[in-house]
Amino acid sequence: MKVLVATDKPFAKVAVDGIRKIVEGSGNELCLLEKYTTPEELYAAVVDVDAMIVRSDKVTKEVIDAAKQLKIVVRAGAGYDNLDLAACTQRGIVAMNTPGQNSNAVAELALGMMVYMARNTFQPGTGSELKGKKLGIHAYGNVGRLVAGIAKGFGMEVFAFDPFVPADTISKDGVKVVNTVEELYSSCHYVSLHIPANAQTKGSIGQALLSQMPKGGCLVNTARKEVINEAELLLILEERPDLKYATDIAADNQAVLNEKFGTRVFATSKKMGAETAEANINAGLASANQIVKFFQTGDKTFQVNK
Ligand code: 3PG
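Values in this document were obtained by computation on a predicted structure and should not be read as measured data.

(A) Here's a closer look at the environment of Met52. Looking at the secondary structure, you find Met52 in strand 3 (residues 51-54). The exposure class of Met52 is buried, given its relative accessible area of 0%. With residues near it in sequence (within four places) discarded, Met52 still touches Leu4, Ala6, Leu42, Val46, Val59, Val63, Leu70, Ile72, Val73, Val74 and Ile291.

(B) Examining the site of the ligand more closely. All residues adjacent to the ligand are Lys9, Arg55, Ser56, Arg75, Gly77, Ala78, Gly79, Asn102, Arg224, Lys271 and Ala274. Asn102 places a polar side-chain atom, nitrogen or oxygen, 2.9 Å from an oxygen atom of the ligand. With respect to the ligand, the side chain of Lys271 contributes an N or O atom lying 2.8 Å from an oxygen atom. Considered on its own, the ligand offers 320 Å² of accessible surface; in the complex 94% of this is hidden by protein. Tallied by class, residues from the shell around the ligand come to two nonpolar, four polar and five charged.

(C) Representation of unusual backbone geometry within the structure. Despite not being glycine, Thr121 has its phi angle at roughly 50 degrees, a positive value. When you line up the elements, Thr121 lands in the loop between helix 5 (103-118) and strand 6 (134-138). When its relative accessible area of 6% is taken as the criterion, Thr121 is described as buried.

(D) Here's a closer look at the sheet that holds strand 8 (residues 176-177). The strand order across the open sheet formed by seven strands is 8-7-6-9-10-11-12, and the pairing between neighbours is parallel. Strands with a single pairing partner mark the edges of an open sheet, and in this sheet they are strand 8 and strand 12 (265-267). In the sheet, strand 10 (residues 218-221) pairs with strand 11 (residues 244-247) via four bridges, with the strands oriented parallel. Looking at strand 11, one finds that Cys218 is bridged to Lys244. In this fold helix 6 (residues 142-153) packs onto strand 6, strand 7 (157-161) and strand 9 (190-193), with an angle of close to 170 degrees to the strand it touches most, strand 6.

Rules used throughout
- Residues numbered from 1 in each chain as written.
- Predicted model: local features only at pLDDT ≥ 70, side-chain atom pairs only at ≥ 80, totals over all residues.
- Heavy atoms only, no water.
- Helix = DSSP H or I, 4+ residues; strand = E, 2+ residues; numbered from the N terminus.
- Buried < 20%, exposed > 50% of the residue type's maximum accessible area, 1.4 Å probe, protein only.
- Contact = heavy atoms within 4.5 Å.
- Near = heavy atom within 4 Å.
- Polar contact = N/O pair within 3.5 Å; in protein donor to acceptor, adjacent residues only side chain to side chain.
- Areas by Shrake-Rupley, 256 points an atom, 1.4 Å probe, with all protein chains shown as cover.
- Nonpolar A, V, L, I, M, F, W, Y, C, P; charged D, E, K, R; others polar.
- Pairing = 2+ DSSP bridges.
- Axes fitted to C-alpha atoms, helices over the stretch in contact; angles between N-to-C directions.

Spelled out as structure tokens, the structure:
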């Protein structure tokens, strides 16, 4: 079988070497398409492949249509909003993710961004400490849980809202369960976003929630830009000069935000939550192993288009 690693944002070499070992070691062929700049390059690369590993790369209907032999696509990571699941399902292609494999890298970045914002983006002047501050975790999945653990090490008081996670799973981690999303935003100095981007969540974080944050509140987004209502974010930052926004996924209107709000806003130059050697190795190798197992035994654990 021919396995393509198609990554606009390449894995670390050590991860690619590991993927190669797994794929070739099981008698399959590996090919690479890295740092491509146009969808056409991806269409051409997928023509004869049986399996694909991607990161945030967009696997659209056009990609699926071009990939005539494709049987499985694995998103090396958590969020699979970049895969056209309907197109995969229609063709009988199995789509998977690798939940948890890159979560620690994202969690560490979330805390790093909190420190950065608390310390005036490392500019001269008096900052504040995380210790004793209230942190609200919006969605208690793999990343949210890790953020909670690290934040407790900082001495933060941690709260979480997640209607899909049983309350005792949250509380046994020493995290306070919050029953409504409004309560989370109104009680926490920092809110860390870990919701997926889907039809229910897109544009859901806007003025109604952000206006409830306590004085000096800071929203940290290592999830997806699509969950933010960007027009309302701009309005609330104008209305409330005490609020801050840090994101790993630059807003479409980031240039305007930067110009208007200076060090009250921060965006990484390219999404880097999962950009660690460890996360690349964990997610990359898991993807390769999932593909090999699928071809060898038909195993569909982690399938997301069921
Ligand atoms: C994920 O959903 O796993 C993260 O957002 C990481 O995305 P990336 O592989 O594009 O860095």
